[in-house]
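Fold and geometry: a report
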Amino acid sequence: MKLNGKTVPVEKGQTLFEFLTAYQFDCKTIAVERNGAIVPKAEYESIRLSDEDILEIVRFVGGG
Amino acid sequence: MQVEVNGKKRTLAGCSAFEARALLGSETDIVIVNGFQIDSDCPLSEKDILTIIRKSSLPGQEELESMMMARHTPEVHKRLKQGRVAIAGLGGLGSNIAVMLARIGVGQLLLVDFDIVEPSNLNRQSYYIRHLGMPKTLALQSQLAEINPFIQIETRMERVEAENVAELFGDYDILCEAFDKPDAKAMLVNAVLEKLPDVTIVAASGMAGFSSSNLIKTTRPLERLYVCGDLENGARIGTGLMAPRVQICAGHQANMILRLLVGIEEI
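To keep things clear, this report deals only with the structure shown in the data block. In this text the structure is predicted, and so the values were computed from the model without any measurement.

1. Details of the interface of chain A and chain B
- The interface is formed by 15 residues belonging to chain A together with 30 residues belonging to chain B.
- Elements represented by at least two residues in the side of chain A that touches chain B include exactly strand 3 (30-34) and strand 5 (54-59) of chain A.
- For the side of chain A that touches chain B, the element with the highest residue contribution is strand 3 of chain A, accounting for three residues.
- When its residues are assigned to classes, the side of chain A that touches chain B shows seven nonpolar, four polar and four charged.

The structure is reproduced here in structure tokens:
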């Protein structure tokens, strides 16, 4: 699977939520696009990833 | 030959910029030709935009507006005047971005913040002692009116939640994300990308402390999302927010908004 332009391994049947947790992303501070479409937070736990997926994850840090 | 002088079309028979000044003003007046202030004389040609400014005199409204915009690249002013930009959060980023957008003459601004001005804001935000205790929306609106009285400013003093994002920002082409907290930034970005397919977001992430200025950049991770900042340095215990890097980041956001308003999508 592609994550922000780099190829990363994804376990068979892994959900997006499991993947994000494994990569230590804080779900409250990110936006995730999968194959060109924004993924609503409510779908993180139901989406199952595959090798063909292209993910873009944008992470926000505080300050403004 | 038709040229525009101080916002009005005039017919001048083949003369130079300084000859036009001698004709219409006096020798000490400043002359700006197509956005550039000239020191030595130059010829004029058809459709040139000429601004002749008398020092320390207060002109009428129409003349004032054309003089204020004289340093812009020509043809940009009209597009900016038609521009509509919403700014969510009026802290170090949002207040400074609003000031820049007002200076360049963006025609309509929506300013959204629920908070009031307090002393710890003054280290980086565009407010003054006299604004302490005032809603940020009104404190900023009063400054913008003094900088550029020719733009329309709408204010909403309320907290932005996923539920009111569509109602607040649905009418705008460009939304500037200028919140402080990372979860609020992500909430706004997610809500807009999910619910408002015609809105482009210019957001910020990473401008705390005093690391190199050159780490702050403009990125476009998603089609409708630009993110400015160093993407790393969050505000945390031991690393505060300081005027220079916050304003550099605000400048990145304001310039990207300017580029979008004139039709350029590249970062």
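So that's the structure; there's more coming.
2. Considerations on the sheet that holds strand 10 (residues 200-204) of chain B
Residues and elements named next belong to chain B.
- Overall, mixed pairing links the seven strands, which are arranged 8-7-6-9-10-12-11 in an open sheet. Every other strand in the sheet has two partners, leaving strand 8 (152-156) and strand 11 (217-222) as the edge strands with one partner each. Each strand of the sheet is rotated relative to its neighbour by a mean of 20°, with strand direction disregarded.
- Inspection of the sheet shows strand 9 (residues 174-177) paired to strand 10 by three bridges, in the parallel sense. Looking across to strand 10, one finds that Leu-175 is bridged to Ile-201.

3. A look at the sheet that holds strand 2 (residues 6-7) of chain A
- With respect to topology, five strands assemble into an open sheet ordered 2-1-5-3-4 (chain A), the strand pairing being mixed. Both edges of this open sheet fall to strand 2 and strand 4 (37-38) of chain A, since each of them pairs with a single strand only.
- Pairing of strand 1 (residues 2-3) of chain A with strand 2 of chain A involves two bridges; the strand directions are antiparallel. Paired with Lys-2 of chain A across the bridge in strand 2 of chain A is Thr-7 of chain A.
- Relative to the sheet, helix 7 (residues 182-195) of chain B contacts strand 3 and strand 4 of chain A, its axis offset from that of strand 3 of chain A by approximately 30°.

Parameters and conventions
- Here the residue numbers are simple positions, counted from 1 along each chain's written sequence.
- Both sets of labels track the order of writing: A upward for chains, 1 upward for ligands.
- Only residues with pLDDT of 70 or above have their local features reported here, since the model is predicted, and side-chain atom pairs are shown and tallied only from 80 upward, although totals for entire chains, interfaces and linings are computed over all residues.
- A pair of residues counts as a contact when their C-beta atoms, built from backbone coordinates, are separated by no more than 7 Å.
- Where helices and strands are cited, they refer to DSSP runs of H or I of at least four residues and of E of at least two residues respectively, numbered from the N terminus.
- When residue character is reported, Ala, Val, Leu, Ile, Met, Phe, Trp, Tyr, Cys and Pro are called nonpolar, Asp, Glu, Lys and Arg charged, and the others, Gly included, polar.
- The pairing criterion is simple: DSSP has to find at least two bridges between the two strands.
- A fitted line through C-alpha atoms serves as each axis, taken over the contacting stretch for helices, and the angle formed by two N-to-C directions is quoted from 0 to 180°.

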